[in-house]
Amino acid sequence: MGLPLCVVASVSNAQVRVTVLDRNDSPPSFRDTPLEYSVSEDLPTGQMVATLRASDPDTLGHLTYSLVSGDDGHFQLDTADTGVLRLKEALDREARDTYRLQIRASDGVQHTDTVVTIKVRKALQSIRTYKFLSWFYQNP
Ligand SMILES: [Ca+2]
Ligand SMILES: [Ca+2]
């Protein structure tokens, strides 16, 4: 005949540290929307038009930017990392005075698109010439 087995369990307080790991589950969002810029039609090619910035609530992932459409060959992004938009080809306000660029920010998993409106201003020189000619013809 065996003896009854008696087990005494002792439960003490234990500290458990739980680290919640982030997941890349939120899309990036653009700051300061709606984005609208005004550019003089005599801006030299290669000059910066704007710096586009997006933010992402996740701690993971790396934001990159791309130009999806609407540039008509006139604009380009520096590199995927910076969001710096530059003039690629000279503008002519008489040919086209507004561009709507579709710009994408991607975190590697998800992406968000926004529309960047670029309005082309008359060049200062042509405004001066216009004012002078107007004055000249009104005061012959
Ligand atoms: Ca997250
Ligand atoms: Ca994200």
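Residues numbered from 1 in each chain as written. Chains lettered and ligands numbered in written order. Predicted model: local features only at pLDDT ≥ 70, side-chain atom pairs only at ≥ 80, totals over all residues.

Asks: Is there a simple way to explain the overall build of the protein in this structure?
Replies: Along the backbone of the protein there are one helix and nine strands. Each helix (α) and strand (β) of the protein, taken in turn from the N terminus, gives the series β-β-β-β-β-β-β-β-β-α. Burial statistics for the protein: of 140 residues in total, 16% are counted as buried. (Helix = DSSP H or I, 4+ residues; strand = E, 2+ residues; numbered from the N terminus. Buried ≥ 20, exposed ≤ 12 C-beta atoms within 10 Å, placed from the backbone.)

Asks: Can you walk me through the sheet that holds strand E5 (residues 64–69) in this structure?
Replies: The strands that make up a sheet are held in pairs by hydrogen bonds between backbone atoms, and each pair lies either parallel or antiparallel. Ordered in space as E2-E9-E8-E5, the four strands form an open sheet in which the pairing is mixed. Bordering the open sheet on either side are strand E2 (35–40) and E5, each of which pairs with just one other strand. Taken pair by pair, the neighbouring strands of this sheet meet at an average axis angle of 30°, ignoring direction. Taken together, the nine bridges between strand E8 (residues 98–106) and strand E9 (residues 111–121) define a ladder with antiparallel strand orientation. (Pairing = 2+ DSSP bridges. Axes fitted to C-alpha atoms, helices over the stretch in contact; angles between N-to-C directions.)

Asks: Can you walk me through the nonpolar core in this structure?
Replies: Proteins that are soluble and globular tend to have nonpolar side chains buried together. Ranked by size, the top nonpolar core spans 15 residues in total, and within it Leu-52, Tyr-65, Leu-85, Leu-101, Ile-103, Val-116 and Ile-118 carry the most contacts. Elements with a contribution of two residues or more to this core: strand E6 (75–77), E8 and E9. When neighbours within four sequence positions are excluded, Ile-103 is seen to be in contact with Leu-52, Tyr-65, Leu-67, Val-68, Asp-113, Thr-114 and Val-116. (Core = buried A, V, L, I, M, F, W, Y, C linked by C-beta atoms within 7 Å. Contact = placed C-beta atoms within 7 Å.)

Asks: Help me understand the sheet that holds E6 in this model?
Replies: With antiparallel pairing, three strands are arranged side by side in an open sheet as E3-E7-E6. Two strands in the sheet have a free side with no partner beyond their single neighbour: strand E3 (48–51) and E6. When the angles between neighbouring strand axes are averaged without regard to direction, this sheet yields 25°. Inspection of the sheet shows E3 paired to strand E7 (residues 84–87) by three bridges, in the antiparallel sense. Note that in E7 the partner of Thr-51 across the bridge is Val-84.

Asks: It is not clear to me how the pairing of E9 should be interpreted in this structure. Could you clarify?
Replies: Along any regular strand the residues' side chains alternate between the sheet's two faces. The sheet contact formed by E2 and E9 spans six bridges and is parallel. Bridge pairing links Ser-40 to Arg-121 in E9. Between the antiparallel neighbours E8 and E9 lie four residues, among them Gly-108 with a positive phi of about 95°.

Asks: Help me out: how do you make sense of the pairing of E8 in this one?
Replies: Pairing between E5 and E8: five bridges, direction antiparallel. Bridge assignment links Leu-67 to a residue of E8, and that residue is Ile-103.

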